[in-house]
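# Notes for the structure review
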Amino acid sequence: MPAHTENEIVIAAPLDLVWDVTNDLEHWPELFSEYAAIEILADEGNTTTFRLTMHPDDNGKVWSWVSERTVNRASHTVVARRVETGPFDFMDIRWEYTEVVDGTRMRWTQDFAMKPDAPVDDDWMADNINRNSVVQMGLIRDKIEQRDRERRPEPSRR
């Protein structure tokens, strides 16, 4: 039975900045702690096909896969899917950005199923995604909030 996860965080920064930073795929290895490299394979309109490579896991295995991501700036949404699914039967991801009083809410929704011969089951992967999303979202929030502080002019002292 497919699994579903939802994670969100509020980033104290304008939506345009959050959108720009999190959709700058070439800089994802600097934004996410889990990604070692990204290779853009195709860029057609609002859809980008790319290969992500992770840092080695605890057993020294390096995971890599191809994904496709379509951005819709007007609706502040992104839909993505794994093209090379690896241990997943399928993996679909939706990013949503919403302006809120304190900044921007960024929400990730993932729907997936593991293959029967995968090394882990749906429940294990859902727990792993939920734990890791909290970590990655926190890193992203901190980096974007720092960037927002740095781009603002310093208050004048009289």
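Our subject is the structure that appears above.
Residues numbered from 1 in each chain as written. Predicted model: local features only at pLDDT ≥ 70, side-chain atom pairs only at ≥ 80, totals over all residues. Heavy atoms only, no water.

## Things to note about unusual backbone geometry
With a phi angle near 55°, histidine 76 is a residue other than glycine that sits in the positive phi range. Among the structural elements, histidine 76 can be located in the loop between strand 4 (64–72) and strand 5 (77–82). Residue classification places histidine 76 among the partly exposed residues on the basis of a relative accessible area of 22%. (Helix = DSSP H or I, 4+ residues; strand = E, 2+ residues; numbered from the N terminus. Buried < 20%, exposed > 50% of the residue type's maximum accessible area, 1.4 Å probe, protein only.)

## Digging into the packing of aromatic side chains
Tallied over the full model, the rule gives 11 aromatic pairs. Here tryptophan 28 and tyrosine 35 contribute two aromatic rings whose centre-to-centre distance is 5.9 Å and whose plane-to-plane angle is 15°, an arrangement assigned as stacked. Pair check on accessibility: tryptophan 28 and tyrosine 35 agree, each one buried. An aromatic cluster is built from Trp19, Trp28, Phe32, Tyr35, Phe50, Trp65, Trp95, Tyr97 and Trp108, whose rings are joined through pairwise contacts. Over the ring of tryptophan 95 we find arginine 69, and its NZ or CZ is 4.4 Å from the ring centre. (Phe/Tyr/Trp six-rings, centres within 6.5 Å; stacked < 30°, edge-to-face > 60°. Lys NZ or Arg CZ within 6 Å of the ring centre and 35° of its normal.)

## Structural notes on the layout of surface pockets
By volume, the largest pocket amounts to about 1100 Å³. Of all the elements in the fold, those that place two or more residues in the lining of the largest pocket are strand 3 (47–54), strand 4, strand 5, strand 6 (88–100), strand 7 (103–114) and helix 3 (122–151). (1 Å grid on protein atoms, 1.4 Å probe; cavity = no way out; pocket = protein on both sides within 12 Å on 5 of 7 lines; lining within 4 Å. Points joined across faces, edges and corners; volume = space filled by probe spheres on them.)

## Quick look at the pattern of salt bridges
Tallied over the entire structure, the rule returns 10 salt bridges. One salt bridge in this structure joins arginine 51 and glutamate 84, with 2.8 Å as the shortest N-O distance. With a gap of 33 residues between them, arginine 51 in strand 3 and glutamate 84 in the loop between strand 5 and strand 6 connect regions that are remote in the sequence. A relative accessible area of 24% means that arginine 51 is categorised as partly exposed. The salt bridge involving aspartate 148 is made with arginine 151; its shortest N-O contact spans 3.0 Å. Of this pair, aspartate 148 and arginine 151 are both found in helix 3, three residues apart, which corresponds to roughly one turn of the helix. The exposure class assigned to aspartate 148 is buried, which follows from its relative accessible area of 4%. The network of salt bridges with common partners includes Glu6, Glu8, Arg105 and Arg107. (Salt bridge = Lys/Arg side-chain N within 4 Å of Asp/Glu carboxyl O.)

## Considerations on the environment of methionine 54
Take methionine 54: it is sitting in strand 3. Along the backbone, methionine 54 and valine 18 are 36 residues apart, and their C-alpha atoms lie at a distance of 23 Å. Discounting residues that sit within four places of it in the chain, methionine 54 has contacts with Glu34, Tyr35, Ala36, Val62, Trp63 and Trp65. (Contact = heavy atoms within 4.5 Å.)

## Let's talk about helix 1 (residues 15–22)
Of all eight residues that make up helix 1, six are buried, and the element is covered over most of its length. Within the span of helix 1, buried status applies to Leu15, Leu17, Val18, Trp19, Val21 and Thr22.

## Notes on helix 3
Here helix 3 spans 42 Å end to end across 30 residues, near enough to the 44 Å set by a 1.5 Å rise per residue. Among all positions in helix 3, only Asp122, Met125, Ala126, Ile129, Ser133, Gln136, Met137, Gly138, Ile140, Ile144, Glu145 and Asp148 are buried. As for helix 3, its buried residues are in contact with strand 1 (3–11), helix 1, helix 2 (28–31), strand 6 and strand 7. If you check the start of helix 3, you find a side-chain oxygen 3.3 Å away from the backbone N of aspartate 123, and it comes from aspartate 121. (Expected span 1.5 Å × (residues − 1). Polar contact = N/O pair within 3.5 Å; in protein donor to acceptor, adjacent residues only side chain to side chain.)

Note that all results are geometric; they support no functional claim without further evidence.
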